[in-house]
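# Residue-level structure breakdown
Residues per chain are reported as follows:
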Amino acid sequence: METIVDMFLTRLLERVGFERMRSLVYAKTSHEATSFILFGWRNDPRGYCAMSCNIGVAFELLASVAHHEAANFPTPDISMPLHLLKPGGDFTEWQFTDKGSLTVLEDDILNDLKQFALPFLNTYSKIVEVRKRLESTPDQWFVLSPEQRVTLLAAIQYSQGEKNEAIRTLDEALTDRKNALPKKRLPIELMRKRLLTET
């Protein structure tokens, strides 16, 4: 079934400018970033298949500092489940049982992408817009944890020539977490070390 789903999505996403990167992962260049649409599907025990998707962006500018593990394609710096962009944010899935019922979903999927996913990707493929949200209130931090948010913000600051500000951002976060569990401090400490060793 995954091959059928992937072929269906490849044709569908070509209509909005996305190319297949690997099974169920599609991408296009947008402004300063690579925009992604990543699908997942599952067999429901009630006898149907259910599919949902996440969207995200990866900035080449951040690649050297934000990600320290090699990958065959860029890792999104931010991502969002599509349903959280819809009014109410309730979790929903597209349901189908075979190729025919999957094809019937074409307009619904395309409309959801055009109405919710593409505007988000267009806005947040600009690094200045991502930074604005990371410097705003916690409800604006996409779905990042506080530790993910502070390390990404520091990476952006560093990439924009603000190394001292980036280190200060991390130091303040470490001070706030001086009595926290190691798992809360480690990603921040690793980012600090990475920025200090970057040339």
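Structural data are supplied above this passage.
Residues numbered from 1 in each chain as written. Predicted model: local features only at pLDDT ≥ 70, side-chain atom pairs only at ≥ 80, totals over all residues. Heavy atoms only, no water.

### Quick look at the overall build of the protein
- Summing up its helical and strand segments, the protein has 8 helices and 6 strands in all.
- Along its sequence from the N terminus, the protein presents helices and strands in the succession α-β-β-β-β-α-β-β-α-α-α-α-α-α.
- A principal-axis box enclosing the C-alpha atoms of the protein has dimensions of 55 × 35 × 30 Å.
- Sorting the 199 residues of the protein into buried and exposed places 43% on the buried side.
- Of all intrachain contacts in the protein linking residues separated by at least 6 positions in sequence, the fraction that spans at least 24 positions is 53%. (Helix = DSSP H or I, 4+ residues; strand = E, 2+ residues; numbered from the N terminus. Buried < 20%, exposed > 50% of the residue type's maximum accessible area, 1.4 Å probe, protein only. Contact = heavy atoms within 4.5 Å.)

### Section: the side chain of T10
- Assignment of secondary structure puts T10 in helix 1 (residues 2–14).
- Dropping the residues within four chain positions of it, T10 is found in contact with R20 and Y26.

### As for the nonpolar core
- L9, I37, F39, M51, I78, F142 and L195 are the most contacted members of the largest nonpolar core, which has 56 residues in total.
- Broken down by element, this core gets its largest block of residues, 8 residues, from helix 4 (residues 106–124).
- Not counting chain neighbours up to four residues away, the residues in contact with F39 comprise L9, L13, L24, Y26, M51, S52, C53 and W94. (Core = buried A, V, L, I, M, F, W, Y, C linked by side-chain atoms within 4.5 Å.)

### Some details on the pattern of salt bridges
- With the rule as written, the count across this model stands at 14 salt bridges.
- Two residues, R15 and E106, come together in a salt bridge whose shortest N-O distance is 2.5 Å. Taken together, the residues R15 in the loop between helix 1 and strand 1 (19–22) and E106 in helix 4 connect sequence positions 91 residues apart.
- The closest approach of N and O atoms between R42 and D44, which form a salt bridge, is 2.8 Å.
- Judged by its relative accessible area of 32%, R42 falls in the partly exposed class.
- One network of salt bridges, in which partners are shared, links R42, D44, R46 and E93. (Salt bridge = Lys/Arg side-chain N within 4 Å of Asp/Glu carboxyl O.)

### A few points about the packing of aromatic side chains
- Taken as a whole and assessed by the stated rule, the structure comprises 5 aromatic pairs.
- The interplanar angle of 85° and the centroid separation of 6.1 Å between the aromatic rings of F120 and F142 together place this pair among those described as edge-to-face. Taken together, the residues span a long stretch of sequence, with F120 in helix 4 and F142 in the loop between helix 5 (127–134) and helix 6 (146–159) at a distance of 22 residues.
- Looking at F120, the relative accessible area reads 7%, which means it is buried. (Phe/Tyr/Trp six-rings, centres within 6.5 Å; stacked < 30°, edge-to-face > 60°.)

### Some details on helix 7 (residues 163–176)
- The end-to-end C-alpha distance of helix 7 is 20 Å, a good match for the 20 Å that 14 residues give at a rise of 1.5 Å each.
- Among the residues of helix 7, A166, I167, T169, L170, A173 and L174 are the ones counted as buried. Angularly, the buried residues of helix 7 cover 155° about the axis, an arc narrow enough to put them on a single face. Residues N164, T175 and D176 are exposed on helix 7 and point more than 90 degrees away from its buried face.
- The elements touched by buried residues of helix 7 are helix 6 and helix 8 (182–197). (Expected span 1.5 Å × (residues − 1). Arc of directions from axis to C-beta.)

### Regarding the environment of D108
- Tracing the sequence through the fold places D108 in helix 4.
- D108 sits in the partly exposed class, given a relative accessible area of 44%.

### Notes on helix 6
- Between the first and last C-alpha of helix 6 there are 20 Å, a value that for 14 residues agrees with the 20 Å anticipated at 1.5 Å per step.
- Along helix 6, 11 of the 14 residues are buried, which leaves the element largely enclosed by surrounding structure.
- Burial in helix 6 covers these residues: E147, R149, V150, T151, L152, L153, A154, A155, I156, Q157 and Y158.
- Of the surrounding secondary structure, the elements contacted by the buried residues of helix 6 are helix 2 (63–66), strand 5 (78–81), helix 5, helix 7 and helix 8.
- At the exit of helix 6 stands G161, carrying a positive phi of roughly 85°.

Function cannot be inferred from these measures alone, as they are strictly geometric.
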